[in-house]
Amino acid sequence: MDGPPVNDCCSICHGNFHLPHQANCSHWYCGNCILQVWNHGSALQPCRCPLCRRQITLLVPSQASSQQVHDPEASQILRRIESYNRVFGLQSAGLGQRLQDLPFLLKRLFRELMDPQRSLPFVIKARVYLALISTAVYVLSPVDIIPEALFGVLGLLDDVIIALIFFLHVGTLYRAILVRRYGGSST
């Protein structure tokens, strides 16, 4: 799904979506509506999602929105979204924010890896697959930092930590790709 749900509407204007964008909390908004929310608050901080109150640090346009660059009004909104992503997309986020963003990032990454019409750079795909294979080998191997045979369930803790590190690494990597793709260059 590369767009908002079919029977959904923007929760800000309560109308049909115009230039829909998905926030890092997975909620969909019209591009102009979410920019108005940001303009209403502090321009130095990312706006908060009107539904879940999480900070919105990344706005990803739907595929249809990205293709409307020839429309002057849409082009202006997309440039403002790019500016927003450039400013807030790579801000240092705490572990809690990164964990909250994981479902959004991993779902989009999985869709992008499985769709032959989308293209991630080969180096990125290689890093994701290498990290996945390394994590799987560690989790499945009998050699552990904390052996399960001695510590039982507590011994699974190192496997969980390694898997969490994998997910955080892949999520951070893909987030950087999205910011570069939808945040434009800083020049």
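Up top you'll find the structure we're talking about.
Each chain has its residues counted from 1, running along the sequence as written. With pLDDT at 70 or above as the cut-off, local features in this predicted model cover only qualifying residues; side-chain atom pairs require 80 or more to be listed or tallied, and sums for whole chains, interfaces and linings still use all residues. Excluded from the side-chain calculation are hydrogens and water; included are all heavy atoms of the structure.

Enquirer: Quick question: what am I supposed to make of the packing of aromatic side chains here?
Expert: Geometry of an aromatic ring pair is reported as the spacing of the ring centres plus the angle between the planes. Two aromatic rings from Phe, Tyr or Trp, using only the six-membered ring of Trp, form a pair when their centres are within 6.5 Å; if the ring planes differ by under 30 degrees the pair is stacked, by over 60 it is edge-to-face, and anything between is tilted. With the rule as written, the count across this model stands at four aromatic pairs. Relative to Tyr84, the ring of Trp38 has its centre 4.9 Å away and its plane inclined at 85°; by these criteria the two rings are edge-to-face. Here Trp38, found in helix α1 (residues 31-40), pairs with Tyr84, found in helix α3 (residues 72-88); they are 46 residues apart in sequence, far enough to count as distant. For the pair formed by Trp38 and Tyr84, the shared burial category is buried. Counting every residue linked through ring pairs, the aromatic cluster contains Trp38, Tyr84 and Phe88. Helix numbers and strand numbers start at the N terminus; a helix is a DSSP run of H or I with at least 4 residues, a strand a run of E with at least 2. Per-residue accessibility, obtained with a 1.4 Å probe over protein chains only, is compared with the maximum for each type, and a residue is labelled buried under 20%, exposed over 50%, and partly exposed between these values.

Enquirer: Is there a simple way to think about the packing of α3 against helix α7 (residues 157-183) in this case?
Expert: Packed helices, taken two at a time, are described by the angle between their axes plus the distance between the axes. The convention used is that axes are lines fitted to C-alpha atoms, helices contributing only their stretch in contact, and that angles between N-to-C directions extend from 0 to 180 degrees. Contact geometry for α3 and α7: axes closest at 8 Å, N-to-C directions at 145°. Crossing of α3 over α7 shows left-handed handedness. Contact residues: Ile81, Glu82, Asn85, Arg86 and Phe88 in α3; Arg175, Val179, Tyr182 and Gly183 in α7. Classification convention: Asp, Glu, Lys, Arg as charged; Ala, Val, Leu, Ile, Met, Phe, Trp, Tyr, Cys, Pro as nonpolar; all other residues, Gly among them, as polar. In terms of residue class, the contact of α3 with α7 is built from four nonpolar, two polar and three charged. Here is the rule for handedness: rotate from the far helix to the near one, and if that takes an anticlockwise turn smaller than a right angle the crossing is left-handed, while a clockwise turn gives right-handed. In this analysis, two residues are considered to be in contact whenever any of their non-hydrogen atoms come within 4.5 Å of each other.

Enquirer: Looking at this model, I keep getting lost on unusual backbone geometry. Mind explaining?
Expert: Glycine aside, residues mostly have negative phi angles, and peptide bonds mostly take the trans form. Even without being glycine, Leu19 reaches a positive phi, approximately 55°. Relative to the assigned elements, Leu19 resides in the segment before β1 (20-23). Look at Leu19 and you get buried, because its relative accessible area is 2%. The residue Ser26 is not glycine, and still its phi comes out positive at about 80°.

Shape descriptors only; they carry no functional weight alone.
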